[in-house]
Amino acid sequence: MSGEITAGVAYVGPSAQSHFVLCADCGTPIEPNGANLCVNCLRNSIDITEGIPKQAAINWCKGCSRYLAPPTQWVICDMESRELLAICLRKLKGLSKVRLIDAGFIWTEPHSKRLRVKLTIQKEVFSSTVLQQIFEVEYIIQGAQCPECTRLAAKNTWRALVQVRQKVDHKRTFLYLEQLILKHNADKDTISVQEVKDGLNFFYATKQHAIKMVDFLSAIAPVRAKSSEQLISMDIQNSTTNAKLTYSVEIIPICKDDVVCLPAKIARSMSNIAQIVICHRVGNQIYLIDPLTLTLGDISANLYYRSAFPPLADITQATEFIVLDIEPTSHPPKTAKGGRFLLADAQVSPVGGSMNADVIYHTRTHLGAVLKPGDTVQGYMLASSNFNNDAWDAMNHSRTPEVVLVRKTYPNRRKKSKARGWRLKSIVKDISGMSLGDDQVGLGRERAPEKIKYRGAGAAEQAKAEADYERFLRDLEEDEELRQTINIFKEEKRDNGAADMDESDMETDDEDEDELPQIRLDEMLDEMENLVIDSDEGEEVE
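Since the model is a prediction, treat every value here as computed from it, not as a measurement. Here the residue index of a chain counts from 1 through its sequence in written order. In keeping with the predicted nature of the model, local features appear solely for residues at pLDDT of at least 70, side-chain atom pairs appear and are counted solely at 80 or more, and the whole-chain, interface and lining totals rest on all residues. Side-chain numbers come from the whole structure's heavy atoms, not from hydrogens or water.

Here the focus is the side chain of T108. Here a strand is any run of E in DSSP of at least two residues, a helix any run of H or I of at least four, and the numbering for each starts at the N terminus. Note on placement: T108 falls in the loop between β6 (99-106) and β7 (114-126). The class for T108 is buried, based on a relative accessible area of 15%. Among the polar contacts listed, one links the side chain of T108 to the backbone oxygen of R114, at a separation of 3.0 Å. The buried label goes to any residue with under 20% of its type's maximum accessible area, the exposed label to any with over 50%, and the partly exposed label to all in between, with areas taken from a 1.4 Å probe on protein chains only. Any pair of nitrogen or oxygen atoms within 3.5 Å is treated as a polar contact; in protein, a donor-acceptor pairing is required on top of that, and neighbouring residues in sequence qualify only through side-chain atoms on both sides.

Given below as structure tokens:
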């Protein structure tokens, strides 16, 4: 029947309602726990941040802008970076007794010398009772000096020295080497640079920085390096020593435009090249060319120092000739290095009032691409010269040319006294122990100030240095490939009077300027170091 009620047995589970107890302090109903306290009373009675300092200090070096990472390491960190946060957390001693959940910086004024860090930690206070708390720690940035800056501030405290030497009578190699160092920023770890008679001295605070400079020099120039060590002090108990390291780097004494007489054994090993060759470029190797056949060759530093030989003559011993006639040796002409060198027969005569001024020499040259009748060129008179060279004395002179031409010259340049519109930087601030000011550059990099009067040997040395610098500047103007490896900066604008004089000179000498090699404006860089913006209050903001 539909109205009947069926009787049976049904299971009824426990009630879902939980039991509550009163907090022992405030009487608030709470779920039972080991402390019988509510969360607020538990926080008021137990402080899990106890033992963690709320204020600490970190050390910052003003010289190199690095922070001290305990115990002894100094690292570079940006503000509010992960590296700086790791250093701040490492300064808290009691942090290892709790569980760190989160950490982050709270913004502060950059000039306040304060850092604020918000921390979130957890700790088990009773069985099955974990308490979480958020608190703030303030760090005071204290100024300090790292060991490297301490040695830099003191005198004669370098730990490594790199001595760069080249046994030549000019400094064009070091002038070019200086520009390469500036372009690649290889002097960033250098304490100081000292210019001496035969080269440059680079002082460093660590051995690693000196080795880095030696590796850089080996990559850009043919060099040979040696090292020596001088013991300063030794701790017998800790087995530690304090020593100064010296690295001697010697550059091969062969430069661009030098004529070289190769030993017969080396000439045969270089595909039987002629013994009389010209050095047309110097990189990490010496690049040679035979002016009679355009045969190319190169010599590495290791090969050179196995049987070292000096150059036969350098550019300071060259004679100036005038080109009477020149024509290629064949049609089509024989070229090398992408048309840079062209083999040609030339008739030249010495320039000046010498005894051989009326003599015409017939020679073969590799400069057929740049020379034309009426040009002046520098070369070496081998037929009437005496050389103190073993390879020269041992070779057969039946096929030795009388004259070897090396580079084209521009005699109209000597009539010019106008200053160049570009300049170069210098890293040398010390010459033979004499410190230079900020407004004076190294020896030979510009003309000496009028207030400094050189006399005797000093005047002759300064004049020679200025001549080497002027020759180096001319090399930059004439060699576009050489200019691409360094940084050239625009010269600052002068006063209106000087500008008017320059404009008048340019109007009268336009024809001569077209013939002279010049550096284009797109090859120059703007000076950006001293760029400042003047604010409305008259203050300078860098």
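Turning our attention to the sheet that holds strand β23 (residues 376-381). What the five strands build is an open sheet, ordered β22-β21-β18-β23-β24; its pairing is antiparallel. Single-partner strands in this sheet number two, and they are β22 (361-365) and β24 (403-409). Neighbouring strand axes in the sheet, compared pairwise and without regard to direction, differ in orientation by 45° on average. Here a strand pair is declared whenever DSSP counts at least two bridges between the two strands. The sheet contact formed by β23 and β24 spans six bridges and is antiparallel. A fitted line through C-alpha atoms serves as each axis, taken over the contacting stretch for helices, and the angle formed by two N-to-C directions is quoted from 0 to 180°.

The subject of this paragraph is a nonpolar patch on the surface. For patch building, the residue pool is restricted to those with more than 30% relative accessible area and no salt bridge; the joining distance is 9 Å between like charges and 5 Å between nonpolar side chains (Val, Leu, Ile, Met, Phe, Trp, Tyr). Only the protein chains shown count as cover for residues, with accessible areas throughout obtained via the Shrake-Rupley method and a probe of 1.4 Å. Every case where a carboxyl oxygen of Asp or Glu lies within 4 Å of a side-chain nitrogen of Lys or Arg is listed as a salt bridge. Nonpolar side chains collect at one region of the surface, where I322, L324, V351 and I360 lie side by side and expose about 300 Å² of accessible area between them. L324 sits in the partly exposed class, given a relative accessible area of 39%.

This part is about the side chain of D314. Examined against the element boundaries, D314 turns out to sit in the loop between α7 (301-306) and β18 (319-328). Residues scored as charged are limited to Lys and Arg (positive) and Asp and Glu (negative), so that His and the chain ends carry no count. Buried within the structure, D314 lacks any salt-bridge partner; R172 is the closest side chain of opposite charge, at an N-O distance of 7.1 Å. Of note is the side chain of D314, whose polar atom sits 2.4 Å from the side chain of T316. Two residues form a contact once any of their heavy atoms are found within 4.5 Å. Contacts of D314, omitting those with residues within four sequence positions, involve D258 and Y380.

The next subject is the nonpolar core. With 33 residues, the main nonpolar core has Y67, L84, L95, L115, L119 and Y139 as its most contacted residues. Going through the elements one at a time, α1 (39-45), β3 (55-61), β4 (66-69), α2 (82-90), β7 and β8 (129-144) are the ones with two or more residues in this core. Apart from the residues lying within four places of it in its own chain, the contact partners of L115 are I58, M79, L84, C88, F105, V137, E138, Y139 and I141. In plain words, nonpolar cores are sets of buried Ala, Val, Leu, Ile, Met, Phe, Trp, Tyr and Cys residues tied together by side-chain atoms within 4.5 Å. Counting residues in hydrophobic clusters, the runner-up holds 22 residues, among them A160, A210, V223 and L245.

Now for the environment of M213. Its location among the elements puts M213 in helix α5 (residues 207-220). Residue classification places M213 among the buried positions, given a relative accessible area of 2%. Separated by 26 residues in sequence, M213 and D187 have C-alpha atoms that sit 8.1 Å apart.

Turning our attention to α5. A helix's residues, less one, multiplied by 1.5 Å, set its expected span. In this model, α5 (14 residues) spans 21 Å end to end at C-alpha, consistent with the 20 Å of a helix rising 1.5 Å per residue. Considered for burial, the residues of α5 that qualify are A210, M213, V214, F216 and L217. The buried side chains of α5 occupy one side of the element, clustering within an arc of 160° when seen end-on. Pointing more than 90 degrees away from the buried face of α5 are the exposed residues Q208 and A219. Buried residues belonging to α5 abut β9 (160-165), α4 (172-183), β11 (199-204), β12 (223-235) and β13 (240-251). By definition, the arc is the one covered by directions from the helix axis to the C-beta atoms.

Turning our eyes to something else, we now look at the state of the cysteines. Defined by distance alone, a disulfide is two cysteine sulfur atoms within 2.5 Å. This structure, assessed with the given rule, holds zero disulfides. C38 takes part in no disulfide bond, and the closest cysteine sulfur, belonging to C41, lies 3.2 Å away. The class for C38 is buried, based on a relative accessible area of 10%.

Per the counting criterion, the structure on display carries 18 salt bridges. With a closest N to O distance of 3.5 Å, R471 and D468 form a salt bridge. Highlighted residues: R471 and D468, both in helix α9 (residues 457-478), separated by three residues, approximately one helical turn. Using a relative accessible area of 5% as the deciding quantity, one classes D468 as buried. Salt-bridge contacts for R474 lead to E470; the nearest nitrogen and oxygen are separated by 3.3 Å. Pair noted here: R474 and E470 are both in helix α9, with a separation of four residues, about one helical turn.

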